[in-house]
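Examining the three-dimensional arrangement
The primary structure of each chain is shown beneath.
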Amino acid sequence: NKLVVLDVDCGQDDAQAIMLALTRPNVQVLGITCVSGNVGVHQVCRNVLRILKVFGRLDVPVYRGADVPILGTHMDCSHWHGQDGLGDVPDPDPPSLELVQSEHAVTALLRLSKEHPGEISLVAMAPLTNLALAVRMDPEFPARLRELVIMGGNINARGRVTPTAEFNFAYDSEAAHMVLSGYPCPVSDIPYEVCRFSPDCGIPWDEWDKIMAIPTERGKFHSAILAASTAREKAAKTHTPLYHTCDPYALMVAARPDIVMETEDVYATVELRGEVTRGQMVCDYRGLWKKEPNLRVVKKLDMKAAIQMFWDALQ
Ligand code: BDR
Ligand code: CA
């Protein structure tokens, strides 16, 4: 079994990744650590519990982590994910927040890595605040991981919340910098441009429509929370022949390494002081800084297998 821990700021695509993880036969989710990002950390915990309930998996421990970035303040993302982070679909019977573990997410990460040294794939799909705090509390923590897979940052300065910065790295740029410079374990990154704009990483709309029509309870829940953003995407001026999402691909890289078709090793860091470029991931493609690569950038996935993973999760 592959042991994973998911670090999330549970918006819609984090939700998709959680669904995929819970339903993979070879994957054991040891815990879900929550952090502020798309919505505040309490709402993130609520959303995670809601998904676990729909999937009959309230046995998976949920941990509350950092509620603000290392520096700076909360950056709202409700225009995309909804006020509640999950498309504002009413929940008639929300699970109690008392189900959240009393242990802090960062302490849980350190403990789990000691209980399973060299075995955990940590999948980070949110601002990296918890991971930055973890390495400050225990510098040996990253070395006890099997690997870290990040969804975040950008490889060609194409931004989302600023012209040059992707959301997770913009929300907590210091944390992203600390993680890129402080995790000596194997680190893979699925960057923003690959998730959102690559012709090699997207689902044809007709295939996506079929996934959105899966009539199971899980399928209906998934399509309800994704309905508004899917409609918006289809109508947008930037409309492409493909449905694009982000966080599920990080989970796929960890859960099914054979899905990865193309990668590039590079040394990358994060701009912290730029007047207009704060939060941008900067890749030294030419090796000008003479630093060893710290990141395996994932550039292409086997989309047939990726689509099948959605079916496996929702059917
Ligand atoms: C990332 O930002 C968040 O809004 C998504 O959940 C994803 O993790 C994409 O830029
Ligand atoms: Ca996310």
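Residues numbered from 1 in each chain as written. Chains lettered and ligands numbered in written order. Predicted model: local features only at pLDDT ≥ 70, side-chain atom pairs only at ≥ 80, totals over all residues.

Some remarks on the overall build of the chain
The helix and strand inventory of the chain stands at 12 helices and 12 strands. On C-alpha atoms alone, the chain measures out to a radius of gyration of 18 Å, which is about the 20 Å that the 2.2 N^0.38 rule sets for 315 residues. Looking at the chain as a whole, 48% of its 315 residues qualify as buried. Across the chain, the fraction of contacts at a sequence separation of at least 24, relative to all contacts at a separation of at least 6, is 84%. (Helix = DSSP H or I, 4+ residues; strand = E, 2+ residues; numbered from the N terminus. Rg over C-alpha atoms; globule rule 2.2 N^0.38 Å. Buried ≥ 20, exposed ≤ 12 C-beta atoms within 10 Å, placed from the backbone. Contact = placed C-beta atoms within 7 Å.)

Remarks on the site of ligand 1
Close contacts around ligand 1 come from 15 residues, with Gly-11, Asp-13, Glu-166, Phe-167 and Cys-246 the closest. Secondary-structure elements contributing two or more residues to the shell around ligand 1 are helix H1 (12-22) and helix H6 (167-171). (Near = placed C-beta within 6 Å.)

Considering helix H5 (residues 129-137)
Within H5, seven of the nine residues are buried, which leaves it mostly tucked inside the rest of the structure. Of all the residues in H5, the buried ones are Thr-129, Asn-130, Leu-131, Ala-132, Leu-133, Ala-134 and Val-135.

Some details on the sheet that holds strand S9 (residues 260-266)
Spatially, eight strands are ordered S3-S2-S1-S4-S5-S6-S12-S9 in an open sheet, and the strand pairing comes out mixed. On the outer flanks of this sheet lie strand S3 (62-64) and S9, each paired with one strand and no other. Across the sheet, the axes of successive neighbouring strands diverge by a mean angle of 25°, strand direction being ignored. Across three bridges, the pairing between strand S2 (residues 27-34) and S3 is parallel. (Pairing = 2+ DSSP bridges. Axes fitted to C-alpha atoms, helices over the stretch in contact; angles between N-to-C directions.)

Focus: helix H4 (residues 105-115)
Within the span of H4, buried status applies to Ala-105, Val-106, Ala-108, Leu-109, Leu-112 and Ser-113. Along the axis of H4, the buried residues cluster in a sector spanning 160°; they form a single face. Exposed residues lying more than 90 degrees from the buried face of H4 are Arg-111, Lys-114 and Glu-115. Along its buried surface, H4 packs onto strand S1 (2-8), S2, S3, strand S4 (120-124), H5 and strand S5 (145-151). (Arc of directions from axis to C-beta.)

Considering the nonpolar core
Counting residues in each nonpolar core, the largest one holds 95 residues, and the members touching the most others are Leu-6, Ile-18, Cys-34, Val-48 and Ala-250. Leave out the neighbours within four places in its chain, and Cys-34 touches Val-8, Cys-10, Val-41, Val-44, Cys-45, Val-48, Val-62, Tyr-63, Arg-64, Gly-65 and Ala-105. (Core = buried A, V, L, I, M, F, W, Y, C linked by C-beta atoms within 7 Å.)

Topic: the confidence of the model for the chain
With 99% of its residues at a pLDDT of at least 70, the chain reaches an overall mean of 96. The least confident element of the chain is helix H3 (residues 78-81), whose mean pLDDT is 82; the most confident is S4, at 99. Among the prediction metrics, the complex's ipTM stands at 0.99, with pTM recorded as 0.97. (pLDDT = per-residue confidence, 0-100.)

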